[in-house]
Amino acid sequence: MLDQRLLRENPDLIATQLARRGISLDLGELQQLAQQARDLGEQRSGLQAEGNRIGKEVGSLIKGGAAQGGPEVAALRDQGNRIKQQVAALEEEEKGLEARLQEQLLGLPNLPSALAPEGRSEAENVEVKRWGEPRLPGPGESLEEHWQIAERLALVDTERSVRIAQSRFVTLLGDGARLERALIAFMLDLHGRRGYTEVLPPILVNTASLTGSGQLPKFAEESFRCDSDDLWLTPTAEVPLTSLHRDEVIAADQLPLRYCAYTPCFRREAGSYGRDTRGLIRLHQFNKVELYWFSRPEDSEAAHEQLTRDAEAVLEALALPYRRIELCTGDLGFSAARTYDLEVWLAGAGTYREISSCSTCGDFQARRASIRCKEGKGTRLLHTLNGSGLAIGRTMAALLEHGQQGDGSVRLPAALVPYFGRDRLTPEA
RNA sequence: GGAGAGGUGGCCGAGUGGUCGAAGGCGCAGCACUGGAAAUGCUGUAUAGGGGUAACUCUAUCGAGGGUUCGAAUCCCUCCCUCUCCGCCA
């Protein structure tokens, strides 16, 4: 959520910055709404002050011996009643305005960081770096895509998943299930060694939590909802992790707080019919290990680099080639001020594919979720950052495509052996 | 799900409908004392919003929302949460 003070004092800045995202917006209505709400509030609190004064006066009159039903007391009582009615009327109007204002503000995305490159769409994202050698098919060799390998090795059962749930769900079997579990444990251990506190949060979250991290109110159609309970299936661990410290004030010397969490993630993927229909790339339910930082505002830029490095460390430990892309202003997510996407090389598909998205949200989520830090006198909003470290299903896809052998088996990186128990997936196994 | 108890500042804990943003204690900060510290003493110590260059000031907040009243932490209603016991359950 954007700062109301900024709206009042520098609306042009908001308009210019949102324009960098490709949003042209007339802030006039919003400003007017804010102004009206403020005027009403001023009027109301003035009346309340008057009412408080009368109340005290009655108190001291009675204490001084005036009769409860005496003329002075009765006059003040009438006056108090009139004020009460006026206050009630103003309050109702103010509430309506505040609700509208809040609704509109909650629907506005974050302002892009000054550092985010200009651009209108995905096409203008900027490649920052590449790591590793993308595997290309040798002469006469054709590389399979991960879903072909997975089916051939009986790691997944797609058809039966429809029976259990729906399309876009997957059931992992045998080595597939074990590899998924190994990857989760491997990543959590890696991040734990790098200083993250492991968290296993609830994956049903309430409306306030989704609003705090920015999924609501705008993207309700993207989440699964438990209608009778004000609970939703979390679309990413970013949601419960943001709310881990919702409505808290954290001493600055405790920062940064760094968490990693494995959760299943649930997304309705509305409007993606026909895209990535095979395999592990786009599912209604998938597993992910998430990294999350609560940082002092001054430190969040460096934190963003570090968080991204921590995600890259997973890919490097698994020897998976990747590149780092910085999203241009037009491609930034709703809550992000600046984002690096990590794209892993899918050898069978012959493309780089997003496997992690590392964002700094500035104070955007902190304002929505009311998370502050305290340093000396006074409090201020802190900064939040999040990134995948990594999406498990896509990691498995990359491993299968990268490690496939001419004999039909798949070689796994050495780092996984302690977790999976073998260095190879074979047809017979 | 049933029965009971309870939710007050960073923490503990008092609070008779009238000057209560709230006693007292702990903690924390500053000052004094000390060679330095401990102990002690004094002073200060919530958050959000509005107004003011500032000193300061106004409003709101005692789980949340309603109500009664000139006036509510205190009385009434609804809801939420926590704890104890019973039931059920991985």
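Small disclaimer: the values here were computed from a predicted structure and weren't measured.

Here is what the cut-offs are and how they apply
Residues numbered from 1 in each chain as written. Chains lettered and ligands numbered in written order. Predicted model: local features only at pLDDT ≥ 70, side-chain atom pairs only at ≥ 80, totals over all residues. Heavy atoms only, no water. Near = heavy atom within 4 Å. Polar contact = N/O pair within 3.5 Å; in protein donor to acceptor, adjacent residues only side chain to side chain. Helix = DSSP H or I, 4+ residues; strand = E, 2+ residues; numbered from the N terminus. Core = buried A, V, L, I, M, F, W, Y, C linked by side-chain atoms within 4.5 Å. Buried < 20%, exposed > 50% of the residue type's maximum accessible area, 1.4 Å probe, protein only. Contact = heavy atoms within 4.5 Å. Phe/Tyr/Trp six-rings, centres within 6.5 Å; stacked < 30°, edge-to-face > 60°. Lys NZ or Arg CZ within 6 Å of the ring centre and 35° of its normal. Axes fitted to C-alpha atoms, helices over the stretch in contact; angles between N-to-C directions. Parallel < 35°, antiparallel > 145°, perpendicular 65-115°, else oblique. Left-handed = near helix turned anticlockwise from the far one by under 90°. Nonpolar A, V, L, I, M, F, W, Y, C, P; charged D, E, K, R; others polar. Domains from an automatic or database assignment. Pairing = 2+ DSSP bridges. pLDDT = per-residue confidence, 0-100. Expected span 1.5 Å × (residues − 1).

> I keep staring at the protein's contact with RNA strand B and nothing clicks. Help me out?
Contacts to RNA strand B come from 23 residues, most closely from Arg 8, Arg 38, Gly 55, Lys 95 and Thr 379. Contact distances for RNA strand B include 3.2 Å between a phosphate oxygen and a side-chain N or O atom of Lys 84. Within the side chain of Thr 379, a nitrogen or oxygen atom sits 2.6 Å from a phosphate oxygen of RNA strand B. Every element with two or more residues in the surface near RNA strand B is listed here: helix H1 (4-9), helix H3 (28-63), helix H4 (71-106) and strand E14 (371-374).

> What am I meant to see in the nonpolar core here?
One broad trend across soluble globular proteins is that nonpolar side chains are buried collectively. With 46 residues, the main nonpolar core has Leu 179, Leu 183, Met 187, Leu 315, Leu 318, Leu 400 and Leu 425 as its most contacted residues. Among the secondary structure elements, those contributing two or more residues to this core are helix H5 (146-152), helix H7 (175-193), strand E10 (285-295), helix H10 (300-317), strand E12 (338-346), strand E13 (351-360), strand E16 (383-391) and helix H12 (392-403). Considering each element in turn, this core owes the most residues, eight residues, to H7. Setting aside anything within four residues of it in sequence, one finds Leu 315 in contact with Trp 131, Leu 320, Tyr 322, Leu 342, Val 344, Ile 355 and Leu 390. Within the second largest apolar cluster, 27 residues are counted, among which are Leu 33, Leu 76, Ile 83 and Phe 364.

> Can you walk me through the side chain of Gln 17 in this structure?
Tracing the chain through its elements places Gln 17 in helix H2 (residues 11-20). A residue is classified by how much of its surface remains accessible, and Gln 17, at 15% relative accessible area, is buried. Setting aside residues no more than four positions away along its own chain, Gln 17 makes contact with Leu 111 and Pro 112.

> Explanation requested: the packing of aromatic side chains in the structure shown.
Aromatic ring pairs are described here by two measures, namely the spacing of the ring centres and the angle between the planes. With the rule as written, the count across this model stands at eight aromatic pairs. When the ring of Phe 219 is compared with that of Phe 334, the centres are 5.3 Å apart and the planes differ by 80°; the resulting orientation is edge-to-face. On the criterion of sequence distance, the pair formed by Phe 219 in the loop between helix H8 (207-213) and strand E6 (225-226) and Phe 334 in the loop between strand E11 (322-326) and E12 is long-range, its members being 115 residues apart. For Phe 219, a relative accessible area of 29% translates into the label partly exposed. What makes Phe 334 buried here is its relative accessible area of 11%. Linked through ring pairs, Phe 219, Phe 334 and Phe 364 together constitute an aromatic cluster. Across from the ring centre of Tyr 196, 5.3 Å away, lies the NZ or CZ of Arg 258, which sits over that ring. Of note, Arg 258 hangs over the ring of Trp 293, and the distance from its end group to the ring centre comes to 5.3 Å.

> Help me understand the packing of H7 against H12 in this model?
The packing of two helices is summarised by the inter-axis angle and the distance between the axes. It is the contact of H7 with H12, at a shortest axis distance of 10 Å, that shows an interaxial angle of 115°. Classified by the interaxial angle, the pair formed by H7 and H12 is roughly perpendicular. When the axes of H7 and H12 are compared, the crossing they make is right-handed. Between H7 and H12, the residues in contact are Gly 176, Leu 179, Glu 180, Leu 183, Ile 184 and Met 187 and Ile 392, Gly 393, Thr 395, Met 396 and Leu 399, respectively. Here the residues of the contact of H7 with H12 sort into seven nonpolar, three polar and one charged.

> When you look at the domain arrangement of chain A in this model, what are you seeing that I'm missing?
Each assigned domain of chain A is listed here: domain 1 (4-105) and domain 2 (122-425). Of note, the centres of domain 1 and domain 2, computed from C-alpha atoms alone, are 45 Å apart.

> What am I meant to see in the environment of Leu 315 here?
Mapped onto the secondary structure, Leu 315 falls in helix H10. Exposure remark for Leu 315: the relative accessible area of 0% places this residue in the buried category. For the pair Leu 315 and Leu 381, spaced 66 residues apart in the sequence, the C-alpha separation amounts to 33 Å.

> How should the sheet that holds strand E7 (residues 231-233) be read in this particular structure?
Pairing between the strands of a sheet comes from backbone hydrogen bonds, and it takes one of two forms, parallel or antiparallel. The three strands are arranged E5-E7-E6 in an open sheet whose pairing can be described as antiparallel. Taken across any chain shown, the strands that pair with only one partner, and hence form the sheet edges, are strand E5 (204-206) and E6. Bridge count for E5 against E7 is three bridges, and the pairing is antiparallel. By the bridge assignment for E7, Leu 204 is matched with Leu 233.

> Quick question: what am I supposed to make of the confidence of the model for chain A here?
Detail in the predicted coordinates should be disregarded across regions flagged by low pLDDT. Of all residues in chain A, 100% attain a pLDDT of 70 or more, and the chain-wide mean is 92. In the model output, the complex is listed with pTM 0.92 alongside ipTM 0.86.

> I tried to follow H7 on my own but got confused; where do I start?
A turn of α-helix holds 3.6 residues, and therefore any two residues three or four places apart point the same way. Its 19 residues give H7 an end-to-end C-alpha distance of 26 Å, which sits within 8% of 27 Å, the value for a rise of 1.5 Å per residue. All of the buried residues along H7 are Asp 175, Gly 176, Leu 179, Glu 180, Ala 182, Leu 183, Ile 184, Phe 186, Met 187, Leu 188, Leu 190 and His 191. After H7 finishes, the residue Gly 195 shows a positive phi value of roughly 105°.

> Explanation requested: the packing of H3 against H4 in the structure shown.
Here H3 crosses H4 at 155°, and the two axes come no closer than 8 Å. Taken together, the axes of H3 and H4 are roughly antiparallel relative to one another. Considering only the axes of H3 and H4, their crossing is left-handed. For the contact of H3 with H4, the class distribution of residues is 17 nonpolar, nine polar and 10 charged.

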